[in-house]
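# Summary of structural features
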Amino acid sequence: MKIGLKLKSSIFLTLLLLSAVGILSILVLRGIQSNQRQQNEDYLIQQGEIASNYIKQIYLMESIKDPEAFINDRGRELVTRFEMITGMQVILYNLAGKEVANSRPLAGKTDVSLMMEYALQNTNTYIEDGDNIIFLSPLHNSSMQIGVLQFNYSTTSDRMFYTKIKHLFFYSGVFIFAICFISGYLYVRPLTLGILRLKNATQRIEKGDFSDLICLKRSDELGELSQNISNMGKKIKSQIETMKEEQHHLQQAVEKLEILGKQQKQFIGNVTHEFKTPLTIIKAYADLMQMYSDDPTLMNDAKVNIDKESQRLTDMLENVLSLSELENYTFEFQKEEVDIHELLTDICKRMNGKIQKYGLQLHTDLEKNILLADKERLNQVFINLIDNAIKYNRPDGHIWISCCKENNFICIRVKDTGIGIPPAERDKIFQPFYTVNKSLNGGTGLGLSLVRELVEKQGGSITLLDQQAEGSTFEIRFII
Ligand code: ADP
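Residues numbered from 1 in each chain as written. Predicted model: local features only at pLDDT ≥ 70, side-chain atom pairs only at ≥ 80, totals over all residues. Heavy atoms only, no water.

Attention now goes to the overall build of the protein chain. Assigned secondary structure in the protein chain consists of nine helices and twelve strands. Relative to the 2.2 N^0.38 estimate, which gives 23 Å for 480 residues, the radius of gyration of the protein chain is 64 Å and therefore markedly larger than a compact globule would have. Overall size of the protein chain, expressed as C-alpha extent along the three principal axes, is 190 × 55 × 35 Å. Across the 480 residues in the protein chain, those meeting the buried criterion constitute 37%. The contacts of the protein chain with a sequence gap of at least 6 include a subset with a gap of at least 24, amounting to 63%. By element, 56% of the accessible surface of the protein chain is carried by carbon and sulfur atoms, the whole surface being about 29,800 Å². In the protein chain, which carries 54 positive and 59 negative side-chain charges, the distance between the mean positions of the two groups comes to 5 Å. (Helix = DSSP H or I, 4+ residues; strand = E, 2+ residues; numbered from the N terminus. Rg over C-alpha atoms; globule rule 2.2 N^0.38 Å. Buried < 20%, exposed > 50% of the residue type's maximum accessible area, 1.4 Å probe, protein only. Contact = heavy atoms within 4.5 Å. Areas by Shrake-Rupley, 256 points an atom, 1.4 Å probe, with all protein chains shown as cover. Lys, Arg positive; Asp, Glu negative; His and termini not counted. Charge placed at Lys NZ, Arg CZ, Asp CG, Glu CD.)

Now for the site of the ligand. Around the ligand, the structure places 20 residues, and the nearest of them are Asn388, Tyr392, Asp416, Thr444 and Leu448. For the ligand, an oxygen atom lies 3.2 Å from a polar atom in the backbone of Gly447. Note that an oxygen atom of the ligand is positioned 2.8 Å from one of the backbone N or O atoms of Leu448. Starting from 530 Å² of accessible surface for the ligand in isolation, the protein chains cover 97%. Secondary-structure elements contributing two or more residues to the shell around the ligand are α8 (375–391) and α9 (447–456). (Near = heavy atom within 4 Å. Polar contact = N/O pair within 3.5 Å; in protein donor to acceptor, adjacent residues only side chain to side chain.)

So, about a nonpolar patch on the surface. On the surface, a nonpolar cluster with roughly 310 Å² of combined accessible area is contributed by Ile3, Leu7, Ile11 and Leu15. Its place among the elements puts Ile3 in the segment before α1 (5–62). (Patch = residues over 30% accessible without salt bridge, like charges linked within 9 Å, V, L, I, M, F, W, Y side chains within 5 Å. Salt bridge = Lys/Arg side-chain N within 4 Å of Asp/Glu carboxyl O.)

Read across the open sheet, the five strands follow the order β7-β9-β10-β12-β11; overall the sheet is mixed. With partners counted over all chains shown, the strands left at the sheet margins are β7 (361–366) and β11 (461–464), one partner each. Across the sheet, the mean angle separating the axes of adjacent strands is 15° when strand polarity is ignored. Those strands touched by helix α7 (residues 340–357) are β7, β9 (398–406) and β10 (409–416), and its axis lies near 180° from that of β7. (Pairing = 2+ DSSP bridges. Axes fitted to C-alpha atoms, helices over the stretch in contact; angles between N-to-C directions.)

Examined at the domain level, the protein chain breaks down into domain 1 (5–176) and domain 2 (333–479). A separation of 135 Å is found between the C-alpha centroids of domain 1 and domain 2. (Domains from an automatic or database assignment.)

The strand order across the open sheet formed by five strands is β2-β1-β5-β4-β3, and the pairing between neighbours is antiparallel. For this open sheet the edge positions go to β2 (99–102) and β3 (125–129), each flanked by a neighbour on one side alone. Within the sheet, the average angular offset between the axes of one strand and its neighbour, ignoring direction, is 20°. Bridge analysis of strand β1 (residues 89–93) against strand β5 (residues 145–154) gives five bridges, and the strand direction is antiparallel.

Written out as structure tokens, the structure is:
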């Protein structure tokens, strides 16, 4: 059985006080006993001496010659006289130890033969017999011992006094026991209740429940302990929350890394595949040129195609390098204040030749706006978009380029009247190497993914706007 702190403390306090009272009562009772014994002894010796003095007086007054005859003749008178003086039963013995006279002949007798030897040798001696002290005292005349007197002294009053005190101690012990137990219990109760609440609080903390972190309003060590437990709980809670948050971030980072790993694998697979195609064409033409070196049409065809494929390889290589450069975390944009109007006007001029070659018409609506960005990278972005608007346009088509400020954004739109992009392909065109229709162009499928990386890494966004009547419109937004 588990004994609680309350009961233990009460029992301990009670036992402590009880043992103190017990030891005290034993010492007091012993003291009373030895004091009573000493007083009785002194009193009886004194009575013996009074008796001897009385004899001495008779001797002086009556000039007695034979002590033995004196005892035998006047013994009866002497014991009666001594009982009157002392109030005790008195027995007189002669020097042979024989009883000569008894003040109460009918009263019971105790065997004193053993003690008599000492008394006859002039020594006071006594024994305790129940509630009586049998005291033998030598009786003297003026010069010698003439007999022995026995006093039967009743100690009933002493015993009663002793018993009374003993009972007093016993009842005070019982009273102290009850008072101590109750007051100890009442005093310890609030303490143990506090400890119990703290115990429950620590158990809840152990289970991860921080909902009720109690704080005992006490100014003693228990109050401090509860404050400490409460602080500890709060600290553990916040640490667990931080750990959970970190774990969540870590999980997200791991997931991101896994996706990146997959994308990288796919990217490398695509790069290998896409690089193989132009290389195979170049190799095939190189073989044909060796075999049919005398065929001028084939030679011309081969020259054009090798030139076209090697240009495609170069473009692809440049884009792949740019993309992998962007993947690198150490890549830094050289930001500066770029005048978008000026930049786009310049690009349009440079691309005008190609636009005209395809028989297209260019329309611009450019507001003057300043943007904090990497000028070179912005160049790459717009050239790619305008190049696509040329490549995928219809003959005699149009291209519109506009730049305006909308709320907190600078919006640049490149719109064409080309073949458009089917809704199902809208999300895919930004993936590396993705082309809607391979047979339509000799593109690499890397342009738009590079454009998106370059825009997003500078804090902007690119979207293909909802399909209009014809062609497609790309919109780039930068916050200002
Ligand atoms: P590339 O043009 O070299 O193939 P891009 O990444 O620039 O690669 O474009 C991906 C694909 O998106 C292109 O193959 C094309 O099918 C489609 N596309 C891009 N721009 C346009 C456009 N203006 N009009 C129609 N289709 C387009």
